[in-house]
Amino acid sequence: MTTAEEEIRAAARKRDRSKAAFERDDAALRELFVKWRADGYGPSDMARWSGMTREWVAKIAPDPNAPKKRVVRIKRSKPADSD
């Protein structure tokens, strides 16, 4: 094995371990957002504490007491081509 191959393989293994740790920690953080959002804490506070954006926190942990949004789709026909 060459030195380049050894270094690249070692870096790839290190990257895989880092990615797995990130995904594990990210899942734990998401669970905490959902838990505390259900307990009444707002996304602005949690965003400030975590360093995330308010929008991201609100997307991950929507308000459990908010009414469900209904999406109404209206089919529109294309206008006719005029000569």
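If you're wondering where the values come from, they're calculated on a predicted model, not measured in any experiment.

(A) Broad picture of the overall build of the protein chain. Counting its regular elements, the protein chain contains three helices and zero strands. Shown N-terminal to C-terminal, the secondary structure of the protein chain runs as helices and strands in the order α-α-α. The C-alpha atoms of the protein chain give 23 Å as radius of gyration, which overshoots the globular expectation for 83 residues (12 Å, by more than 25%). Structurally, the protein chain occupies a C-alpha span of about 70 × 55 × 20 Å along its principal axes. Within the protein chain, the fraction of its 83 residues that count as buried is 11%. Excluding contacts between residues fewer than 6 apart, the proportion of contacts in the protein chain whose partners are at least 24 apart in sequence is 42%.

(B) Structural context of helix H1 (residues 3–38). For H1, built from 36 residues, the straight-helix expectation of 52 Å at 1.5 Å per residue is met to within 8% by its first-to-last C-alpha distance of 53 Å. Looking at the buried residues of H1, the elements they touch are helix H2 (43–50) and helix H3 (54–60). Following H1 by one or two positions, glycine 40 has its phi on the positive side, about 110 degrees.

(C) How the structure looks around H2. Residues Pro43, Met46 and Ala47 constitute the buried set of H2. In an axial view of H2, the angular spread of the buried residues amounts to 105 degrees, which keeps them on one side of the axis. Along H2, the residues that are exposed and aim more than 90 degrees away from the buried face are Arg48 and Trp49. Buried residues belonging to H2 abut H1 and H3.

(D) Inspection of the nonpolar core at higher detail. In this structure, Phe33, Met46, Ala47, Val57, Ile60 and Ala61 together form the largest nonpolar core, which totals six residues. Those elements giving two or more residues to this core turn out to be H2 and H3. Not counting chain neighbours up to four residues away, the residues in contact with phenylalanine 33 comprise Met46, Ser50, Met52, Trp56, Val57, Ile60 and Ala61.

(E) The arrangement of the layout of surface pockets in detail. Volume-wise, the largest pocket comes out at about 180 Å³. Taken together, Pro62, Asp63, Pro64, Ala66, Pro67, Lys68 and Lys69 make up the full set of residues lining the largest pocket. Partitioning the lining of the largest pocket into residue classes produces four nonpolar, no polar and three charged.

(F) Expanded view of the side chain of arginine 37. Residue position: arginine 37 is located in helix H1. The buried charged residue arginine 37 lacks any salt bridge, with aspartate 63 as its nearest oppositely charged partner at 4.2 Å. Once residues lying within four places of it in the same chain are set aside, the contact partners of arginine 37 are Gly42, Pro43, Met46, Ala61, Pro62, Asp63 and Pro64.

The rules behind the values
Residues numbered from 1 in each chain as written. Predicted model: local features only at pLDDT ≥ 70, side-chain atom pairs only at ≥ 80, totals over all residues. Heavy atoms only, no water. Helix = DSSP H or I, 4+ residues; strand = E, 2+ residues; numbered from the N terminus. Rg over C-alpha atoms; globule rule 2.2 N^0.38 Å. Buried < 20%, exposed > 50% of the residue type's maximum accessible area, 1.4 Å probe, protein only. Contact = heavy atoms within 4.5 Å. Expected span 1.5 Å × (residues − 1). Arc of directions from axis to C-beta. Core = buried A, V, L, I, M, F, W, Y, C linked by side-chain atoms within 4.5 Å. 1 Å grid on protein atoms, 1.4 Å probe; cavity = no way out; pocket = protein on both sides within 12 Å on 5 of 7 lines; lining within 4 Å. Points joined across faces, edges and corners; volume = space filled by probe spheres on them. Nonpolar A, V, L, I, M, F, W, Y, C, P; charged D, E, K, R; others polar. Lys, Arg positive; Asp, Glu negative; His and termini not counted. Salt bridge = Lys/Arg side-chain N within 4 Å of Asp/Glu carboxyl O.

Honestly, that's just the spatial picture; any functional story needs more than this.
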